[in-house]
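Summary of structural features
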Amino acid sequence: NKTTVFCTELSQNGISRNQMKVMKFGGTSVGSPESLQLVKKIIEKETDPVIVVVSALDGITDRLLLAADFALNNNPAYKTLLEELIERHRNVISKTITSYEAKEETTQKAEQLFEELQNILRGVFLIGDLSQKTSDKIVIYDSAKFIKTNKQFNNHIPDLNKSNELIKKTFSEMPPPNVAIVPGFISSSIEENDITNIGRGGSDYTAAIIAAAMDATMLVIWTDVDGFMTADPKIINSAYVIDELSFTEAIELSNFGAKVIYPPTIFPVYHKNIPIYIKNTFSTESKGTLIKNIKPTRNGKIIKGISSISDTALITIQGLGMVGVTGVNKRIFTALADNGISVFIVSQASSENSTSIGVRTQDAKLAQKVLNKEFAHEIGMGSINEVLVEYDLATIAIVGQNMSHVPGIAGKFFGALGRNGI
Ligand code: ADP
Ligand code: MG
């Protein structure tokens, strides 16, 4: 098959790999006792050693955060949420684990964690205070011993050097049956050893970091769709699976909303030239998508896919006083970065009298506030206007690395929008 051919190609080019795979199973794949049986079958088929990264059961992280929010706002309904959540895990344990002893042991461990969680939430409910530290603790299943983070601008960013070292040490020996199962998403800080996490969708990232550290032959992302598709199948029902994508195309599509892969996932494996395979847990015979190093060509497919982000806000900093002044953009981006706000699109008018940036809606209010503060002096003098925010926008990206030498694509794109009155 394709992947085997690819790995042979690599070894012919003198790149050596550990004969092992990293597989990640998403929330729906581990969401029920029935789907867990499918996961088990997939792992059992493997002959090479495999490190399996699992997400929380489908929807659990949202529920945990909601329960924390209820508790914080003195809403006793948090208890019902918590009970449902505990019941769901008990059900999975009882339906999945067959050996009596293993069941007892797992139940005991799980009940301990449930109790800990109950105590934390009761504390939040009584005190009415939820620190970041407590919030991070609520969404853990297990402590992260080998994914280490640094704090940068209010975000926890994996420290790849430290994590690589610990991952290599942890998995240097994998006793038979050569399967290790680890939770995704969770990490701990280098400085205080506090529990942290590497962002929503972060299980993909955990798996990529491990694959890179271990020089694995491939990273397989098992999910609930047949592969990386030309568009989000939940929005465009005629979307179809893309056979192959380059790392760059995959990162562009995911950065602009293709949720099938968490964007930071691609870099660690790209860096080591480890292919990513997207596969469907519920339909293993489907071909899936292979993401690998592909050079742009003049006769390849021009457009690979379309993605979109619907919760976009556009922020505009504008003023005739900006023209010819050095350092305005530096101040804009520094102020935003200092507050942990990520910018995913930028455009500047040719006269330099306005800069527009696209941010997530959830970041827009804060962005407006910090920019108004940064330019308070200029706004007071009238050389820059009050910062303008436009809400309810969407960002659409058409992606394909071969389009860079092909004329007429932008024209076609805007033409299609124009004909449809957009
Ligand atoms: P998991 O829990 O396995 O990580 P996610 O829900 O994070 O799964 O990602 C899979 C979902 O991503 C799919 O169910 C699909 O709705 C959505 N998606 C968005 N864009 C794309 C795309 N271009 N191709 C495939 N899936 C997409
Ligand atoms: Mg995901």
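Since this is a predicted model, take the numbers as computed values, not measurements.

Rules used in this analysis
Residues numbered from 1 in each chain as written. Chains lettered and ligands numbered in written order. Predicted model: local features only at pLDDT ≥ 70, side-chain atom pairs only at ≥ 80, totals over all residues. Heavy atoms only, no water. Near = heavy atom within 4 Å. Polar contact = N/O pair within 3.5 Å; in protein donor to acceptor, adjacent residues only side chain to side chain. Areas by Shrake-Rupley, 256 points an atom, 1.4 Å probe, with all protein chains shown as cover. Nonpolar A, V, L, I, M, F, W, Y, C, P; charged D, E, K, R; others polar. Helix = DSSP H or I, 4+ residues; strand = E, 2+ residues; numbered from the N terminus. Expected span 1.5 Å × (residues − 1). Buried < 20%, exposed > 50% of the residue type's maximum accessible area, 1.4 Å probe, protein only. Arc of directions from axis to C-beta. Contact = heavy atoms within 4.5 Å. Pairing = 2+ DSSP bridges. Right-handed = clockwise from strand over helix to strand, strands pointing away. Core = buried A, V, L, I, M, F, W, Y, C linked by side-chain atoms within 4.5 Å. pLDDT = per-residue confidence, 0-100. Axes fitted to C-alpha atoms, helices over the stretch in contact; angles between N-to-C directions. Salt bridge = Lys/Arg side-chain N within 4 Å of Asp/Glu carboxyl O.

The local shell around ligand 1 holds 16 residues, among which Lys24, Thr223, Asp224, Met229 and Lys259 are the closest. At a separation of 2.8 Å, a nitrogen atom of ligand 1 approaches a polar backbone atom of Met229. Between ligand 1 and Lys234, the relevant distance is 3.1 Å, taken from an oxygen atom to a side-chain nitrogen or oxygen of the residue. Here ligand 1, which alone exposes 570 Å², has 90% of that area covered by the protein. Tallied by class, the residues present in the shell around ligand 1 amount to seven nonpolar, four polar and five charged.

On to unusual backbone geometry. Even without being a glycine, Asn74 presents a positive backbone phi close to 60 degrees. In this structure, Asn74 sits in the loop between helix H3 (60-72) and helix H4 (78-96).

In this section: helix H2 (residues 33-45). Across its 13 residues, H2 extends 19 Å between first and last C-alpha, which sits within 8% of the 18 Å expected from 1.5 Å per residue. The complete set of buried residues in H2 reads Pro33, Ser35, Val39, Ile42 and Ile43. Each buried residue of H2 lies within a common arc of 165 degrees when the element is viewed along its axis, so the set occupies one face. Facing away from the buried surface of H2 by more than 90 degrees, the exposed residues are Glu34, Lys41, Glu44 and Lys45. Next to the buried residues of H2 lie strand E1 (21-25), strand E2 (50-54), H4, strand E5 (179-183) and strand E8 (218-223).

A large share of E2 lies buried, amounting to four of its five residues. Judged from the five bridges that link them, E1 and E2 form a sheet pairing that is parallel. The residue of E2 that forms the bridge with Lys24 is Val53. For the segment spanning E1, H2 and E2, crossover handedness is right-handed. For E2 and E5, the ladder comprises five bridges, and the chain directions are parallel. Within the sheet, the bridge partner assigned to Val54 lies in E5 and is Pro183.

Okay, the nonpolar core next. Phe171, Ile210 and Ile276 are the most contacted members of the largest nonpolar core, which totals 44 residues. When residues of this core are assigned to their parent elements, the largest contribution, seven residues, is made by helix H8 (residues 202-213). Dropping the residues within four chain positions of it, Ile276 is found in contact with Leu219, Ile221, Phe247, Ile261, Ile266, Val269, Thr289, Leu290 and Ile291. Among the nonpolar cores identified, the runner-up in size contains 33 residues, and Met23, Leu82, Leu117 and Ile120 belong to it.

Moving on to the confidence of the model for the protein chain. The predicted model of the protein chain has a mean per-residue pLDDT of 90, with 94% of residues at 70 or higher. When the criterion is pLDDT under 50, residues 1-10 qualifies, and its contacts beyond four places in sequence or with other chains add up to 14 contacts.

This part is about the sheet that holds strand E10 (residues 276-280). The strands that make up a sheet are held in pairs by hydrogen bonds between backbone atoms, and each pair lies either parallel or antiparallel. Pairing in this open sheet of seven strands is mixed, and the strands run E5-E2-E1-E8-E10-E11-E9 from one edge to the other. Either end of the sheet is taken by a strand with one partner, and the two such strands are E5 and strand E9 (244-246). With strand direction ignored, the average angle separating the axes of adjacent strands in the sheet is 20 degrees. In the sheet, E8 pairs with E10 via five bridges, with the strands oriented parallel. Across the sheet, Leu219 pairs through a bridge with Ile276, a residue of E10. This element, H2, spans E1, E2, E5 and E8 of the sheet and lies at about 175 degrees to E1. On top of the sheet, helix H9 (residues 247-255) reaches E9, E10 and strand E11 (289-292); it is set at about 90 degrees to E9, its chief contact.

Here we come to the pattern of salt bridges. Inspection of every chain in the model, using the stated rule, returns 16 salt bridges. Of the charged contacts, one joins Glu87 and Arg90 as a salt bridge, the two residues approaching to 3.2 Å between their closest N and O atoms. With Glu87 and Arg90 both in helix H4, this residue pair falls three residues apart, about one helical turn. Judged by relative accessible area, which is 45%, Glu87 ranks as partly exposed. For Arg90, a relative accessible area of 35% gives the class partly exposed. For the salt bridge of Glu111 with Arg90, the shortest nitrogen-to-oxygen distance reads 2.7 Å. Pair noted here: Glu111 is in helix H5 (residues 100-127) and Arg90 is in helix H4, with a separation of 21 residues, a long-range link. For Glu111, a relative accessible area of 28% puts it in the partly exposed group. Through salt bridges with shared partners, a single ionic network connects Glu87, Arg90 and Glu111.

Secondary-structure assignment places Ser307 in strand E12 (residues 305-318). Reaching out from Ser307, the side chain makes a polar contact with the backbone oxygen of Phe256 at a distance of 3.2 Å. When near neighbours in sequence (up to four residues on either side) are disregarded, Ser307 contacts Glu252, Leu253, Phe256, Gly257, Ala258, Thr395, Ile396 and Ala397.

Looking at where Ile303 falls in the secondary structure, it is placed in the loop between E11 and E12. Given a relative accessible area of 35%, Ile303 falls into the partly exposed group. Non-local contacts of Ile303, meaning those with residues more than four positions away in its chain, are made with Ile398, Val399, Gly400, Met403 and Ile409.

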